[in-house]
Amino acid sequence: MSSAARVGEHGLQLVPNNADFHYFIAVAYGNLGQVDLSEQHLTNASRILPEFRPAQLALGGLYAQKHEYERALVHYQKALALPPGGPGSQFTPEGDTTLRATIEQIQSPVPQ
């Protein structure tokens, strides 16, 4: 376990329902290649604070990497539907355009 994940896990013992802690632990685990633990913490962050855009985007990316495109689409669409300036939001109109293009790509049929 990385020191970042260890610190985050300790923080969760003090404040178990903190979406930020779950998100940062998920990032640490993702960087270590521990996808299942990353997914678990991203899911917790999303459950605790559904309007936390970074968690929705990260879940979308995680599921896209796992080729679980329907699940990725759900989280990308949730992120896009959130108003600008929400918790953790640093999105720009250009970022929304990129996200819309990603959603369109996922929705496009794969050529045979």
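Provided above is the structure to which this section pertains.
Residues numbered from 1 in each chain as written. Predicted model: local features only at pLDDT ≥ 70, side-chain atom pairs only at ≥ 80, totals over all residues. Heavy atoms only, no water.

Participant: Break down the overall build of the protein for me, citing the residues and quoting the values.
Facilitator: Within the protein one finds six helices and zero strands. Order of helices (α) and strands (β) in the protein, N terminus to C terminus: α-α-α-α-α-α. Per-residue burial over the protein gives 35% buried out of 112 residues. Of the contacts made within the protein by residues no fewer than 6 positions apart, 47% connect residues no fewer than 24 positions apart. Within the structure as shown, the protein displays about 6800 Å² of accessible surface, and the carbon and sulfur contribution to it stands at 57%. (Helix = DSSP H or I, 4+ residues; strand = E, 2+ residues; numbered from the N terminus. Buried < 20%, exposed > 50% of the residue type's maximum accessible area, 1.4 Å probe, protein only. Contact = heavy atoms within 4.5 Å. Areas by Shrake-Rupley, 256 points an atom, 1.4 Å probe, with all protein chains shown as cover.)

Participant: Describe the layout of surface pockets, listing the residues and the values that go with them.
Facilitator: Approximately 180 Å³ is the volume attributed to the largest pocket. Surrounding the largest pocket, A26, V27, G30, V35, S38, L42, A58, G61, L62, Q65 and K66 form its lining. Elements with a minimum of two residues in the lining of the largest pocket: α2 (19–31), α3 (35–48) and α4 (53–65). Among the elements that take part in the lining of the largest pocket, α4 stands out by supplying four residues, more than any other. Of the residues belonging to the lining of the largest pocket, the class tally is six nonpolar, four polar and one charged. (1 Å grid on protein atoms, 1.4 Å probe; cavity = no way out; pocket = protein on both sides within 12 Å on 5 of 7 lines; lining within 4 Å. Points joined across faces, edges and corners; volume = space filled by probe spheres on them. Nonpolar A, V, L, I, M, F, W, Y, C, P; charged D, E, K, R; others polar.)

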